[in-house]
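The lines below spell out each chain.
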Amino acid sequence: DRITASDMDKFFFPHIENDEVIYQTLADKVSDDPFDYTLRGTPILANLPKMNYDQPLFHRPPLFVYFLALFRNILGKDSGVLVSVFAGVLIFGALYGIARKLYPGKTALASVILLSFCPLSLFCSTRILIDALLTLFVALTVWGFLEAVHTGRKITFALSGVAMGAAILTKEPGLFVALPCAYILFKDGFDKKKGIGLAY
């Protein structure tokens, strides 16, 4: 069944913070025209600094907004927060995968339990903000890269690259995940096989 606004009100509070309103406005615009990724022509522009927001193209990469538009179109306008909720939940799985590759035994589970008490993680996964989705893609990149280095499978390197690309398309700092990945790959030296993996 379709989720209604009254159903969402039972579980989530109003999403009226400045950034949340901006992202929802952008989601409405790209729902009408996928190439209209700008705040121009919207009422909220009157309350925002023109130098930053009155631009022909919004200054953040678009992946989060397109996910937001998709969720709002399928599940209803008030369901956009589910992008952050689902990303927040999936982060636990990605973190568990990373910890299992790095540490044996119960340490992996302990890391997930520790994350469940993180107030910043809880805040970001209950707001219409980019951060939970960015964290998910960064964690998936690292997990995929650890797996790729361990197995040497080219498809795993490629999938890790897809996750890195998604992180960058969510928010520019996602690019920095390349640094720990390079360390993971080259900490024991460089060889041709590692170079090919990096290319994938």
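Residues numbered from 1 in each chain as written. Predicted model: local features only at pLDDT ≥ 70, side-chain atom pairs only at ≥ 80, totals over all residues. Heavy atoms only, no water.

## What about the overall build of the chain?
Thinking step 1. Across its full length, the chain holds 11 helices and zero strands.
Thinking step 2. Ordered by position from N to C terminus, the α and β elements of the chain give α-α-α-α-α-α-α-α-α-α-α.
Thinking step 3. Seen along its three principal axes, the alpha-carbon backbone of the chain occupies a region of about 55 × 35 × 30 Å.
Thinking step 4. Scored against the burial criterion, the 200 residues of the chain give a buried share of 39%.
Thinking step 5. Intrachain contacts of the chain at a sequence separation of at least 6 include 63% that bridge at least 24 residues.
Thinking step 6. For the chain, the accessible area works out to roughly 11,600 Å², and carbon and sulfur atoms hold 67% of it.
Thinking step 7. Here the chain contributes 19 positively and 17 negatively charged side chains, and the mean placements of these two sets differ by 11 Å. (Helix = DSSP H or I, 4+ residues; strand = E, 2+ residues; numbered from the N terminus. Buried < 20%, exposed > 50% of the residue type's maximum accessible area, 1.4 Å probe, protein only. Contact = heavy atoms within 4.5 Å. Areas by Shrake-Rupley, 256 points an atom, 1.4 Å probe, with all protein chains shown as cover. Lys, Arg positive; Asp, Glu negative; His and termini not counted. Charge placed at Lys NZ, Arg CZ, Asp CG, Glu CD.)

## Re a nonpolar patch on the surface
Thinking step 1. A surface patch of nonpolar side chains, about 430 Å² in accessible area, is lined by Tyr96, Leu109, Ile113 and Phe117.
Thinking step 2. In this structure Leu109 comes out as partly exposed when scored by relative accessible area, which is 49%. (Patch = residues over 30% accessible without salt bridge, like charges linked within 9 Å, V, L, I, M, F, W, Y side chains within 5 Å. Salt bridge = Lys/Arg side-chain N within 4 Å of Asp/Glu carboxyl O.)

## Observations regarding the pattern of salt bridges
Thinking step 1. The final tally for this structure, using the stated rule, is seven salt bridges.
Thinking step 2. A salt bridge links Asp28 to Arg72; its shortest N-O distance comes to 2.6 Å. One end of the pair, Asp28, is in helix H2 (residues 18-32); the other, Arg72, is in helix H4 (residues 63-75), and 44 residues separate them in sequence.
Thinking step 3. Among the salt bridges present, the one from Lys29 reaches Asp36, with a minimum N-O distance of 3.3 Å.
Thinking step 4. A relative accessible area of 23% places Asp36 in the partly exposed class.
Thinking step 5. Residues joined in a network through salt bridges with shared partners are Asp28, Arg72 and Lys77.

## What about the confidence of the model for the chain?
Thinking step 1. Residue-level pLDDT values for the chain average 88, and 93% of them are 70 or greater.
Thinking step 2. Of all helices and strands in the chain, the one with the weakest mean pLDDT is helix H1 (residues 5-11) (51), whereas helix H9 (residues 154-170) scores best (95). (pLDDT = per-residue confidence, 0-100.)

## Remarks on the packing of H2 against H4
Thinking step 1. H4 packs onto H2 with a crossing angle of 70° between their chain directions and a minimal axis gap of 8 Å. In terms of orientation, H2 lies roughly perpendicular with respect to H4. On H4, the residues that touch Tyr23, Gln24, Leu26, Ala27, Asp28, Val30 and Ser31 of H2 are Phe64, Val65, Tyr66, Leu68, Ala69, Arg72 and Asn73.
Thinking step 2. In terms of residue class, the contact of H2 with H4 is made up of nine nonpolar, three polar and two charged. (Axes fitted to C-alpha atoms, helices over the stretch in contact; angles between N-to-C directions. Parallel < 35°, antiparallel > 145°, perpendicular 65-115°, else oblique. Nonpolar A, V, L, I, M, F, W, Y, C, P; charged D, E, K, R; others polar.)

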